[in-house]
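Now for the letters of each chain:
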Amino acid sequence: MPPFDPARILRASSLRYGKFRARGVPAILLGVSAIVLSAGTVRALAAAAPSLADVVRETTKLLEAARNNRAEQRRLNA
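Residues numbered from 1 in each chain as written. Predicted model: local features only at pLDDT ≥ 70, side-chain atom pairs only at ≥ 80, totals over all residues. Heavy atoms only, no water.

### Some details on the environment of Leu10
Next, step 1: With respect to the helices and strands, the residue Leu10 is situated in helix α1 (residues 6-12).
Next, step 2: Here the alpha-carbon distance between Leu10 and Arg23, two residues 13 residues apart in the chain, equals 7.5 Å. (Helix = DSSP H or I, 4+ residues; strand = E, 2+ residues; numbered from the N terminus.)

This is the structure we're talking about:
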């Protein structure tokens, strides 16, 4: 088993996203934070899953009411 070489790990760590580039410790920190953010998002969605159907239904009704309100305003202004 090869010995632990942190300098080699830091040199090998790089991250590229479009024009954004990070190397070394910042790349490692960004990678770890992305994993933590993803895990938190999944946990939040799992907790909200029982009420997600209600949220979608209410959002649909809200958008439909706003659309009807705009159409009614256009009809009255004409």
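What follows picks up the thread again.
### As for the pattern of salt bridges
Any two side chains of opposite charge can pair, so long as their charged atoms come close to each other.
Next, step 1: All chains considered together, the criterion is met by one salt bridge.
Next, step 2: Its salt-bridge partner being Arg57, residue Asp54 comes within 3.0 Å of it at the nearest N-O pair. One end of the pair is Asp54 and the other is Arg57, both in helix α2 (residues 25-77) and three residues apart, which spans about a single turn.
Next, step 3: Residue class for Asp54 comes out partly exposed when judged on its relative accessible area of 39%. (Salt bridge = Lys/Arg side-chain N within 4 Å of Asp/Glu carboxyl O. Buried < 20%, exposed > 50% of the residue type's maximum accessible area, 1.4 Å probe, protein only.)

### As for the side chain of Ser13
Next, step 1: Among the secondary structure elements, Ser13 is positioned in the loop between α1 and β1 (14-17).
Next, step 2: Discounting residues that sit within four places of it in the chain, Ser13 has contacts with Ala22, Arg23, Gly24, Ala27 and Ile28. (Contact = heavy atoms within 4.5 Å.)

### A short note on a nonpolar patch on the surface
Next, step 1: A surface patch of nonpolar side chains, about 740 Å² in accessible area, is lined by Phe4, Ile9, Leu10, Val25, Ile28, Leu29, Val32 and Val36.
Next, step 2: For the nonpolar patch, the secondary-structure elements that each account for two or more residues are α1 and α2.
Next, step 3: Here the element with the most residues in the nonpolar patch is α2; it accounts for five residues.
Next, step 4: Considering the arrangement of structural elements, one finds Ile9 in helix α1. (Patch = residues over 30% accessible without salt bridge, like charges linked within 9 Å, V, L, I, M, F, W, Y side chains within 5 Å. Areas by Shrake-Rupley, 256 points an atom, 1.4 Å probe, with all protein chains shown as cover.)

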